[in-house]
Amino acid sequence: MIESFLKSLGLTDNETKIYLYLLTHGESIASIIAKRLDMKRVTVYSALESLEQKEVIASFIKNNVAHFDAVEPEEIETLCEQKVTEMKRLQQKAATLRDEFKKLRNVGRMPMLEIRGKLKYYQGLEAVTDLITETLQEKEKEQLCFGLNTYHSELAGNDWQEYTQKRVQKKMTVRSIQPDTEAAIAYKGRDPQELRETRLVPHTKFPGKCEINIIGDMIAIFSTRGHEPSGMKLYNPDVAQALKSLFELAWERAQEYDQKKK
């Protein structure tokens, strides 16, 4: 019970053993402690320094040699009281900084830039999740898709299932070109019930780590890889038409690869 209590104060296993040795045997020097506890001297010196910083032992010079001794049990109780006081002070400080913490948290949640409703930039996973959800607000009933991002296969969990259910309820169909990864193969296996047609192409030719969605005049591009997920949404009929043409060319070529895959 005593060992558990000492560890709850932040003492390591070695520090606990040394403190209890000093408490039981009284003052001692580092070499004797190392010998009695079968520890390396360097380990003992390091632990003694840490114990002194934690104020559970004291050191003094005797016959030109550093001696160490455990503090009195009453001082341990005083130390605990000091820790409680310090934690209360930190709690009060945390309360005063709550709004600052929230500001930092919201940096990754909100879009960083919007220009006249035509171009919107998203930074952070929460913001990119909003971007994906917003694609369901488009009026057109067909979505063209390049690439299967890690959002679908690793990050979203139930969010992705809910998104797909809402898209199916809206009767928005998807034509999708995907690299032939395991995640994409599983994705393709759900095509019939998810109103989708997927064509698989070699992942060596098309890694597909970024996702591009085209719905009407809207283009959504995003990536959730790495530490800074980001994305953008653009409304431009000319750009959308150009990407649709590229998709159709790729769709036609993907049929050959997909048939070979089957």
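Scroll up to find the structure.
A brief look at the structure comes next. (Residues numbered from 1 in each chain as written. Predicted model: local features only at pLDDT ≥ 70, side-chain atom pairs only at ≥ 80, totals over all residues. Heavy atoms only, no water.)

1. So, the packing of helix α2 (residues 13-25) against helix α3 (residues 30-37)
Where α2 meets α3, the axes come as close as 11 Å, and the angle between the chain directions of the two elements is 110°. Regarding the angle of α2 to α3, the classification is roughly perpendicular. Here α2 contributes Lys17, Ile18, Tyr21 and Leu22 to the contact with α3, which in turn contributes Ile32, Ile33, Arg36 and Leu37. By residue class, the composition of the contact of α2 with α3 is 6 nonpolar, no polar and 2 charged. (Axes fitted to C-alpha atoms, helices over the stretch in contact; angles between N-to-C directions. Helix = DSSP H or I, 4+ residues; strand = E, 2+ residues; numbered from the N terminus. Parallel < 35°, antiparallel > 145°, perpendicular 65-115°, else oblique. Contact = heavy atoms within 4.5 Å. Nonpolar A, V, L, I, M, F, W, Y, C, P; charged D, E, K, R; others polar.)

2. Looking at a negative patch on the surface
There is a patch of like negative charges on the surface, built from Glu72, Glu74, Glu75, Glu77 and Glu81. Relative to the helices and strands, Glu72 is located in the loop between β2 (65-70) and α5 (73-96). For Glu72, a relative accessible area of 48% puts it in the partly exposed group. (Patch = residues over 30% accessible without salt bridge, like charges linked within 9 Å, V, L, I, M, F, W, Y side chains within 5 Å. Areas by Shrake-Rupley, 256 points an atom, 1.4 Å probe, with all protein chains shown as cover. Salt bridge = Lys/Arg side-chain N within 4 Å of Asp/Glu carboxyl O. Lys, Arg positive; Asp, Glu negative; His and termini not counted. Charge placed at Lys NZ, Arg CZ, Asp CG, Glu CD. Buried < 20%, exposed > 50% of the residue type's maximum accessible area, 1.4 Å probe, protein only.)

3. Brief notes about the packing of aromatic side chains
Given two aromatic rings, one states the distance between the centres and the angle between the planes to describe the pair. Evaluated as defined, the whole model comprises 3 aromatic pairs. Between Phe146 and Phe206 the ring centres are 6.5 Å apart and the planes differ by 75°, which places this aromatic pair in the edge-to-face class. Of this pair, Phe146 sits in strand β5 (residues 142-146) while Phe206 sits in the loop between β7 (196-201) and β8 (211-215); the two residues are 60 residues apart in sequence, bridging distant segments of the chain. Members of the aromatic cluster, joined through ring pairs, are Phe146, Phe206, Phe247 and Trp251. Seen from the ring of Trp251, Arg175 lies directly overhead, with NZ or CZ sitting 5.3 Å from the centre. Lying over the aromatic face of Tyr187, Arg196 brings its terminal NZ or CZ to 3.7 Å of the ring centre. (Phe/Tyr/Trp six-rings, centres within 6.5 Å; stacked < 30°, edge-to-face > 60°. Lys NZ or Arg CZ within 6 Å of the ring centre and 35° of its normal.)

On their own, these measurements won't tell you what the molecule is for.
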